[in-house]
Amino acid sequence: MRRSWFHWARATAIGAVSLVMVAACSGNSGNSGSSDSAGGPVTLKINFWGDFGLQDLKTKYEADHPNVKIQLNSGEYNAQHEDLQKKLIAGSGAPDIAAIDEGFMVQFRGQSDKFVNLLDKGAGKYESKYLPWKWKQSLTPDGKTQIGLGTDVGGLAMCYRSDLFKAAGLPTERDQVSALWPTWDKFIEVGQQYTSKTNKKFIDSGTNLFNPILGQQPVGFYNEQDQLQMDGGPKVAFDYTVKAVQAGLSANLASFQADWDKGFTSGSFAVLACPAWMLGHIKDTAPGTQGKWDIAAVPGGGGNWGGSFLTIPKQGKHVDEAYKLLEWLVQPEQQIEIFKKVGNLPSQPALYADPAIADFKNPFFNNAPVGQIFPKMAQGLTPQYLGKKNGPTRVAVENVIIRVQNKTLKPDAAWAEAVKEADKASKS
Amino acid sequence: MSTTRAAPAPSSHRAAPERGRSGGDDRRLTWRNRLYRFDMRYMPYLMIAPFFLIFLAFGLFPLLFNGVVSLRNYRLDDPTLPYWAGVENFSKLLGDEDFWNALYNTFGIFLLSTVPQLLLALVVASLLNRKLRAQTWWRVGILLPYVTPIVASTMVFSVFFSRDFGMANWVLGLFGLGGGDTPIDWRADKPHAWIAIATMVNWKWIGYNALLYLAAMQSISKDVYEAAAIDGAGPWKQLWRITVPLIQPIIVFTVVLSTIGGLQLFTEPMLFDLNSQAATGGPNGEWQTIGQLIYKVGWKDLNLGYAAAMSWALFVITLIIAGLNTLLTNRLAGGRK
């Protein structure tokens, strides 16, 4: 009797455990299907952050394609990238179309086997339409796999507060301001004039000086063999930055933080390196400063900061439909529509000549001709290779700059420290 | 059980009518008996089984799998590495200055948060244990910080401790400390950052621990206090000589809980960082905790094997500290018995 009861209990336990295991395993069994039969209703999920200007386009596409439903999923910038990374490892759950930012592209490009090779789908015909460096950013080093098509590019310009400039006795008209700083040395001189006159800080942060200068150098942190090259571009950018910090120009504010946001209205700083997508942020953060901000050229020629791509993870069930949508989204009409809507600058240079872009003036920024300024900067850019470890290395060097700014590190010891930290990051 | 079970066997040799009657009785008895036995002996196991099954699937298995991963080369950005790494990840850990820095920070913040937290909770609980007006209001109020989502409260504190426009500096400025032209940069060095983070932890958990203590204190008989009061013991002495020894088990419990929580501290240091996606815990790792470092190594450096090794190290460290703490609190709280 006891024996039989024991049997019964054991059988129950085994049954329960196997139930749990079946439940645990069945989650994996669904990802083998590749593409649904055409004709059936298909839901395409797009993950991105902020505003990609897709809302109206979604309605339009759904009207033209009754069998397709589009699900827009906007999340936080970092969360979206980390979520994508986790889903790629898990093998399921990724969206049909995932947006990836320039800063994360190298990381995902290294896992190109997890993305649909858009060249297989015939995306090669778009290569000539794109800015060459933009096309290259999402292309694997061997040139055989293209994991994404570019959406916007940052371009680069210098935003400045004309009212503060006036108070400091500096010119306020944008061409005259651009003429003030043909080089970064001149830029720092102007900053010194400003601070000595007003006793206020000139730039928001040393890191936001370091990044644009680094972006202008022919070689960034890494060469094409993925070796750390600190003595080239990074040294140039770092020296200018430390010089500006030592001259007392920096308000030492961390980007996208409360104090930084307050700085736009309180006048904590007078200039800010700004890519196209920054305009929307300034407008949203400091709506009261309409007309006070203006846009001048960035010292030292062209440059870029940020910009995104749309990719198709391989694990999606509707890869073909996703590609059709992706292809549609990067067509000129849609790209111009997005530019008009949210200001994101397309990465196809032919569009810059389009009157819809070329003649666009931004009323918030004193009617600055943004359709002229940003394309010029994006086109003037020297393509720069971003290494696999570019992200962590940039953070490591930025941290050294912050330590110089908050005076926990002496400026003359800073470069050695930056090299050490960058080296550590490159091996992390 | 075996006797009743043996009974029907010989009964088959008996005469038919007899057998039918007695056999039926037997079966009824046995069935009731069986149910009873089942209820007494196995039902408890069945009732607690779901927890253990779920623990096996979602607790133990990940733990063991994590152990396997910690012995592997598991780099998301480099699949070409050999499969097994052996103890390489662990030996790398010993020489990793980031790990020791994170351990140092974790202990610093842990001490700054746990000790004042539990002491204050004790004081708050003994105050709540008195006759108060609007007693329920106070008792519920003290739990409110615990109910607040940790992310929300940390974001508020993050602004509170900001350098230029933060309220912390404004308040200190009223007393002539910091503020003005030389505001305290809460994120520039270890002491300030640790204090800021410990404040967030304390704010959240004091009320929770106070309620646990209060529940334990309610079970102490009033007579003891009356007797002590007659003998001339003041409230402070009563707290330390009577209350604390009598609620010792719950104190040990809270110490263990806060040890585990304190060593796994993650959200607060993470969101305190101005550049939180980098997970560096300040420009020079001033307040990077182990939890944060594990996150950085796993999801930023994409080195999951090394992160797993760190998790295991943290597990062992937590076990040791929790054990030491239990011993110590037992000694301290029970020593005067």
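Please read these numbers as outputs of a predicted model, since none were measured by experiment.

A. Expanded view of the environment of A:Met105. All names here are of chain A. Inspection of the secondary structure assignment puts Met105 in helix α4 (residues 102-109). When the C-alpha positions of Met105 and Ser308 are compared, they lie 8.6 Å apart, and in sequence the two are 203 residues distant. The contacts of Met105, once residues within four sequence positions are left out, are Ile100, Gln137, Ser138, Ile147, Phe309 and Thr311.

B. Region of the structure containing the sheet that holds strand β5 (residues 157-161) of chain A. All names here are of chain A. With antiparallel pairing, 3 strands are arranged side by side in an open sheet as β6-β5-β7. The sheet is open, and its two edges are formed by β6 (271-274) and β7 (293-296), each paired on a single side. Between one strand axis and the next, the sheet turns through 30° on average, direction left out of account. Bridging between β5 and β6 involves 4 bridges; their strand directions are antiparallel. Its bridge partner being in β6, Met158 is matched across the sheet by Ala273.

C. Up close: the state of the cysteines. Residue and element names in this part refer to chain A. Applying the stated criterion across every chain, the model contains 1 disulfide over all chains. In this model Cys159 forms its disulfide with Cys274; the gap between the sulfur atoms is 1.7 Å. Torsion about the S-S bond of the Cys159 and Cys274 cystine: about 90°, corresponding to right-handed handedness. Residue Cys159 is found in strand β5, and its partner Cys274 is found in strand β6; the two are separated by 115 residues along the sequence. Since its relative accessible area comes to 0%, Cys159 is described here as buried.

D. Representation of the interface of chain B and chain A in the model. Counting residues at the interface gives 35 residues for chain B and 37 residues for chain A. Carbon and sulfur atoms make up 59% of the surface buried where chain B meets chain A, a total of about 3300 Å² over both sides. Linking chain B with chain A are 3 salt bridges, by the criterion used here. The partner of B:Asp98 in a salt bridge is A:Lys424, and the shortest N-O contact between them spans 3.0 Å.

E. Geometry of the domain arrangement of chain B. All names here are of chain B. Taken as a whole, chain B is organised into domain 1 (21-69) and domain 2 (97-335). Taking only C-alpha atoms into account, the centre of domain 1 sits 40 Å from that of domain 2. Contacts between the two partners involve 4 residues from domain 1 and, on the opposite side, 6 residues from domain 2. Here domain 1 and domain 2 share an interface that buries about 400 Å² over both sides, 68% of which is from carbon and sulfur atoms. Together, Leu63, Asn66 and Val69 form the three largest contributors to the area buried by domain 1 at its contact with domain 2, with a combined 86%. Here domain 1 and domain 2 share 0 salt bridges between them. For the pair domain 1 and domain 2, the interface holds 1 residue pair in polar contact (both at pLDDT 80 or more).

F. The packing of aromatic side chains, seen in detail. Counted according to the given criterion, the structure contains 42 aromatic pairs over all chains. Judged by centre distance (6.4 Å) and plane angle (85°), the ring pair of A:Phe210 and A:Phe238 falls under edge-to-face. Pair noted here: A:Phe210 is in helix α9 (residues 207-216) and A:Phe238 is in helix α10 (residues 233-246), with a separation of 28 residues, a long-range link. The structure contains a cluster of three or more aromatic residues connected by ring pairs, namely A:Tyr160, A:Phe165, A:Trp181, A:Trp184, A:Phe187, A:Tyr194 and A:Phe202. One Lys or Arg, A:Lys86, reaches over the ring of B:Trp299 and ends 5.1 Å from the middle of that ring. Of note, A:Lys134 hangs over the ring of A:Phe309, and the distance from its end group to the ring centre comes to 4.1 Å.

G. Empty space enclosed by the protein, seen in detail. Residue and element names in this part refer to chain A. Counting across every chain of the model gives 7 cavities of 30 Å³ or more. For the second largest cavity, the calculated volume is near 60 Å³. Around the second largest cavity, the lining residues are Phe52, Thr151, Asp152, Gln335, Ile338, Asn344, Leu345 and Pro346. Contributions of two or more residues to the lining of the second largest cavity are made by β4 (148-153), α14 (332-342) and β9 (345-346). Split by residue class, the lining of the second largest cavity holds 4 nonpolar, 3 polar and 1 charged.

H. A look at the nonpolar core. Residue and element names in this part refer to chain A. Counting 77 residues, the largest nonpolar core has Trp181, Phe202, Phe238 and Ile295 as the members making the most contacts within it. Once residues within four sequence positions are removed from consideration, Phe238 is found in contact with Phe210, Val397, Val400, Ile401, Ala414, Trp415 and Ala418. One finds Leu54, Val68, Tyr130 and Ala322 within the second-largest nonpolar core, a separate group that totals 32 residues.

I. Structural detail: the sheet that holds strand β2 (residues 68-75) of chain A. All names here are of chain A. Pairing within the open sheet is mixed, and its 6 strands lie in the order β2-β1-β3-β8-β4-β9. Here the strands that pair on one side only, and so sit at the sheet edges, are β2 and β9. Direction of pairing for β4 relative to strand β8 (residues 307-311): antiparallel, over a ladder of 4 bridges. Each bridged residue has a counterpart across the sheet, and for Leu149 the counterpart in β8 is Leu310. Contacts between α4 and the sheet are confined to β3 (97-101) and β8, with β3 contributing the most and set at about 115° to the helix.

J. Just the UniProt feature "transmembrane region" (unreviewed entry) in chain B, in detail. All names here are of chain B. UniProt records the feature "transmembrane region" (unreviewed entry) for residues 42-65, 102-128, 140-161, 193-215, 246-266 and 304-328 in the present numbering. For residues 140-161, the end-to-end C-alpha separation is 27 Å, with 77% helix and 0% strand making up the annotated structure. When the span residues 304-328 is considered, its composition is 100% helix and 0% strand, and the gap between its end C-alpha atoms is 35 Å.

K. Structural detail: the packing of helix α8 (residues 150-160) of chain B against helix α10 (residues 190-218) of chain B. Residues and elements named next belong to chain B. Where α8 contacts α10, the axes come no closer than 10 Å and their chain directions differ by 135°. Judged by the angle between their axes, α8 and α10 are oblique. In this structure, α8 crosses over α10, and the sense of that crossing is right-handed. Packed against α8, whose contacting residues are Ile150, Ser153, Thr154 and Phe157, the element α10 presents Thr199, Met200, Trp203 and Lys204 at the interface.

L. Representation of the pattern of salt bridges within the structure. Inspection of the entire model under this criterion finds 17 salt bridges over all chains. Across the pair A:Glu417 and A:Arg403 runs a salt bridge, and its minimum N-O distance is 3.1 Å. Of the two residues, A:Glu417 is situated in helix α18 (residues 411-427) and A:Arg403 in helix α17 (residues 390-405); the sequence distance between them amounts to 14 residues. A:Arg403 shares its class with A:Glu417; the two are buried. A salt bridge links A:Lys424 to B:Glu97, with the nearest nitrogen and oxygen atoms 3.5 Å apart. Taken together, the residues span two chains, with A:Lys424 in helix α18 and B:Glu97 in helix α5 (residues 97-128).

Thresholds applied
Residues numbered from 1 in each chain as written. Chains lettered and ligands numbered in written order. Predicted model: local features only at pLDDT ≥ 70, side-chain atom pairs only at ≥ 80, totals over all residues. Heavy atoms only, no water. Helix = DSSP H or I, 4+ residues; strand = E, 2+ residues; numbered from the N terminus. Contact = heavy atoms within 4.5 Å. Pairing = 2+ DSSP bridges. Axes fitted to C-alpha atoms, helices over the stretch in contact; angles between N-to-C directions. Disulfide = S-S within 2.5 Å. Buried < 20%, exposed > 50% of the residue type's maximum accessible area, 1.4 Å probe, protein only. Buried area = accessible area lost by both parts, 1.4 Å probe. Salt bridge = Lys/Arg side-chain N within 4 Å of Asp/Glu carboxyl O. Domains from an automatic or database assignment. Polar contact = N/O pair within 3.5 Å; in protein donor to acceptor, adjacent residues only side chain to side chain. Phe/Tyr/Trp six-rings, centres within 6.5 Å; stacked < 30°, edge-to-face > 60°. Lys NZ or Arg CZ within 6 Å of the ring centre and 35° of its normal. 1 Å grid on protein atoms, 1.4 Å probe; cavity = no way out; pocket = protein on both sides within 12 Å on 5 of 7 lines; lining within 4 Å. Points joined across faces, edges and corners; volume = space filled by probe spheres on them. Nonpolar A, V, L, I, M, F, W, Y, C, P; charged D, E, K, R; others polar. Core = buried A, V, L, I, M, F, W, Y, C linked by side-chain atoms within 4.5 Å. UniProt positions renumbered as here; feature names shortened; annotations may be inferred. Parallel < 35°, antiparallel > 145°, perpendicular 65-115°, else oblique. Left-handed = near helix turned anticlockwise from the far one by under 90°.

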